[in-house]
Every structure is written in C-alpha cells, then in structure tokens.
Protein chains: 2
Amino acid sequence: MNRLSILNTDLKSLGLKATPQRLAILEFLHGNTSHPTAEAVYQALKPRYPSLSLATVYNTLEALQKAGKVVEITINPLRRHFDPDTGFHHHFFCRSCQGITDLEGDPAFLPRAEIPAGFKLEEVIIHYYGLCPGCQKKL
Amino acid sequence: MNRLSILNTDLKSLGLKATPQRLAILEFLHGNTSHPTAEAVYQALKPRYPSLSLATVYNTLEALQKAGKVVEITINPLRRHFDPDTGFHHHFFCRSCQGITDLEGDPAFLPRAEIPAGFKLEEVIIHYYGLCPGCQKKL
DNA sequence: TTGGATGCAAAAGATTTGCACTCCC
DNA sequence: GGGAGTGCAAATCTTTTGCATCCAA
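Quantities reported herein were computed from a predicted structural model and do not represent experimental measurements.

We now examine the overall build of chain A. Along the backbone of chain A there are five helices and five strands. Its helices and strands taken in sequence order, chain A reads α-α-α-α-β-β-β-β-β-α from the N to the C terminus. Once the C-alpha set of chain A is aligned to its principal axes, its extents read approximately 45 × 45 × 30 Å. Considering only contacts within chain A whose residues lie at least 6 apart along the sequence, 42% involve residues at least 24 apart.

Under the counting rule described, the total for this entry stands at four aromatic pairs over all chains. Between A:F119 and B:F92, the aromatic rings sit 4.7 Å apart at their centres with planes inclined by 70°, giving edge-to-face as the arrangement. Here the residue A:F119 occupies a position in the loop between β4 (100-104) and β5 (120-131), and B:F92 occupies one in strand β3 (residues 89-94), the pair thus bridging two chains. Taken as a pair, A:F119 and B:F92 share a single burial class, namely buried. Relative to B:Y129, the ring of B:F93 lies with its centre 5.7 Å away and its plane at 65°, an arrangement referred to as edge-to-face. In this pair, B:F93 sits in strand β3 while B:Y129 sits in strand β5 (residues 120-131), placing the two residues 36 residues apart along the sequence. For the residue pair B:F93 and B:Y129, the accessibility class agrees, reading buried in each case.

Mapping chain B onto chain A calls for a rotation angle of 180° and an axial translation of 0.0 Å; the resulting RMSD is 0.1 Å. On this basis, the relationship between the two copies can be described by a two-fold rotation axis. Nearest to the rotation axis, the C-alpha of B:I126 is located 2.2 Å from it, this being the minimum over chain B. When the interface residues of chain B are mapped onto chain A, 100% of them are again interface residues, pointing to one common binding face.

Our focus in this paragraph is the sheet that holds β5(B). The strand order across the open sheet formed by six strands is β4(A)-β3(A)-β5(A)-β5(B)-β3(B)-β4(B), and the pairing between neighbours is mixed. If you trace the sheet from one side to the other, it starts and ends with β4 of chain A together with β4 (100-104) of chain B, each paired once. The average angle at which neighbouring strand axes cross in this sheet is 30°, direction not considered. Both β3(B) and β4(B) contribute to a ladder of five bridges, which runs antiparallel. Note on β4(B): the bridge partner recorded for B:H90 is B:L103.

If you check the shell around DNA strand C, you find 18 residues, and the closest are A:Y58, B:K17, B:T19, B:Q21 and B:R22. The sugar and phosphate moieties of DNA strand C supply 79% of its atoms located within 4 Å of the protein. The contact in question runs from a phosphate oxygen of DNA strand C to an N or O atom on the backbone of A:A18, over 3.1 Å. B:K17 is positioned such that a nitrogen or oxygen atom in its side chain is 2.8 Å from a base nitrogen of DNA strand C. At the level of elements, α4 (54-66) of chain A together with α2 (20-29) and α4 (54-66) of chain B are the ones that each hand at least two residues to the surface near DNA strand C. For the surface near DNA strand C, the leading source of residues is α4(A), giving three residues. Looking at the surface near DNA strand C residue by residue, the class counts come to seven nonpolar, five polar and six charged.

Let us now look at helix α3 (residues 38-45) of chain A. Given 3.6 residues to a turn, an α-helix orients residues that are three or four positions apart in the same direction. Residues and elements named next belong to chain A. If you check which residues of α3 are buried, you get A38, V41, Y42 and L45. Along the axis of α3, the buried residues cluster in a sector spanning 100°; they form a single face. On the buried face of α3, the contacting elements are α2 (20-29), α4 and β2 (81-83).

Reading the values: rules and limits
- Residues numbered from 1 in each chain as written.
- Chains lettered and ligands numbered in written order.
- Predicted model: local features only at pLDDT ≥ 70, side-chain atom pairs only at ≥ 80, totals over all residues.
- Heavy atoms only, no water.
- Helix = DSSP H or I, 4+ residues; strand = E, 2+ residues; numbered from the N terminus.
- Contact = heavy atoms within 4.5 Å.
- Phe/Tyr/Trp six-rings, centres within 6.5 Å; stacked < 30°, edge-to-face > 60°.
- Buried < 20%, exposed > 50% of the residue type's maximum accessible area, 1.4 Å probe, protein only.
- Least-squares fit on C-alpha atoms with pLDDT ≥ 70 in both.
- Pairing = 2+ DSSP bridges.
- Axes fitted to C-alpha atoms, helices over the stretch in contact; angles between N-to-C directions.
- Near = heavy atom within 4 Å.
- Polar contact = N/O pair within 3.5 Å; in protein donor to acceptor, adjacent residues only side chain to side chain.
- Nonpolar A, V, L, I, M, F, W, Y, C, P; charged D, E, K, R; others polar.
- Arc of directions from axis to C-beta.

In structure tokens:
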C-alpha cells in the first residue's frame, strides 16, 4: 500500500470523500513542521494542482481540524497557522521573522489548578515568544 | 488631582500627546476586564466622542502597547483583543461565546526549561480554552 | 509655530460565502 | 444518480495606510 492509498483510507475513515485536492493537502501536511497558513498550503500546491482554489484549502483545513487531523495555532496575531502534528507539544514564535518552532512539552507539567469552578477546561496552550537564533544574529 | 489629570500626566510621561481621544480611550480601558477589540473600544466611545475614528483607536492601542500600558491578547483566531491589565495573569477563552476571562497565575510556575539553546525567550503565554459557566448551561 | 495626531476614505489581507458545476461513492 | 466537494468571484471582516487638516505643547 503506497502513501496515497493510506491517505485515501485515512480520509474515508474520517467520513470525508477522498478527492485529489484533499489527498494533495494531506500529503503536503504529512510530517510538515513549517506550520503553514492556508495561503502557504495553497501556494505550495498550486504548481502541481493548478486548478486548486484557496477556498478548497480553507474548507479542507477546517474539515481536517474537525476530524482531529490538524490543529490550528493561534500564536500570530495576524494570521492562522496549521499544524499536522496533533501530539502534545508547544510552539515558539519569533517576533522578528514570525517563524514558529516546535518545542517539546511535558503533559504532566500543565497548570490547571487555577480554573474557577464552573468552567469546563478543554485545552491548555503554552506559547513562547521571543527571537529565534537566526534573527538574534541579524539584530 | 482628578482622574483625567492623572491620565493626562500618564500620557505625557510616556512621551505621548494628551489628546482628548487618547484620554477617552485610556479612561475606558482603566480597570476594564472585558478584553475589548479595537472595534469594541470604538463602539463604546463613539456615542460620547462622535468624531472618533477607528484608525485613531488602532493608533492609540498600538502606542499604548509600545508604551507597555496595554497588552495584546492573541487567543481568538479571528481578532485581536487588548488588555489594560499588564500584571501577570492568564486568560480563559470560551469557544462558544468567545468571551475572555482573567485567571490568576503564578509566575514561579512557568515552564521554560525546554527552550533550545540559541533562542531568546521574552515571554511565556498560557491560554486556557473551553466553555465558560454560562455557555455550559446553554449547551 | 510645528510636528505629532486625527479623521476620512481607500486599500490591503485574511477568511467566508453563494452558486453553478463536477465527480466521488 | 445524488450529494458532497470544488472553483470562481464577490462579499465580509479586520487592520493598515495615505493624506489633508487639526491642535497640543
């Protein structure tokens, strides 16, 4: 079974039709640590899939997000990034180049004690802001 | 010395001209825990300051942010919220009503060990996502 | 007086929507 | 064949920008 067959099966098991566009997006995201925006996914795939539309990318990303295959990262105030790595980890945001870097995280270390009664906690997100190694040299 | 005189002095000490618009925005933000967007600030003040423009609100919020008087909250993927409380605390974001609630935080509890060498860490942000008490009842 | 600040309108970006057409199942 | 998915263009929403005018210092 090759890569595309696996992705095909993945989509179907999620109740999603396995269209060429979705397969292409899934394949592009697989193992991708660049935390792309919808626009970045679009630009990356457009050369090989000229008919791909940005709306489809948004639709697919939302479908994959609902299916738990992709996570949205709210770390850059100006745009939404997406991460195919749904495992527990954190992100470092470089305020200069706006790049996002994965950081390892320890699930046991999550502070949750201070949530007042009545709130239903679903997720704790830890973001790190600063300068990446490359940008420090430049400044 | 009344409230406005204080705010006036505040602005001047920050190197900012004390215009009526800025005084109004500063006064509106003082002690405000609603985490307003620029649009919300604009709508709140427009009745009393009909000539106020949204661009001025954005300008002022950015100036106050640079001056350390206001903090930007990147927690809602669709818009930017602002917080006049610059003390250490966290935020809870309700995924249903999109409301933001302040949470107490312990600065001593910040995880920073896992930052790789070469990165310059400036800030650690912890966000809590889930449902607020009101929205839980409705659902 | 004068440079920073304002207001307006237009522009720029990001994301969503409406709808006819397509093609996966 | 039916309905979910696609592509396109237009619309929407948030934020930024250009510029002439204004006003706080």
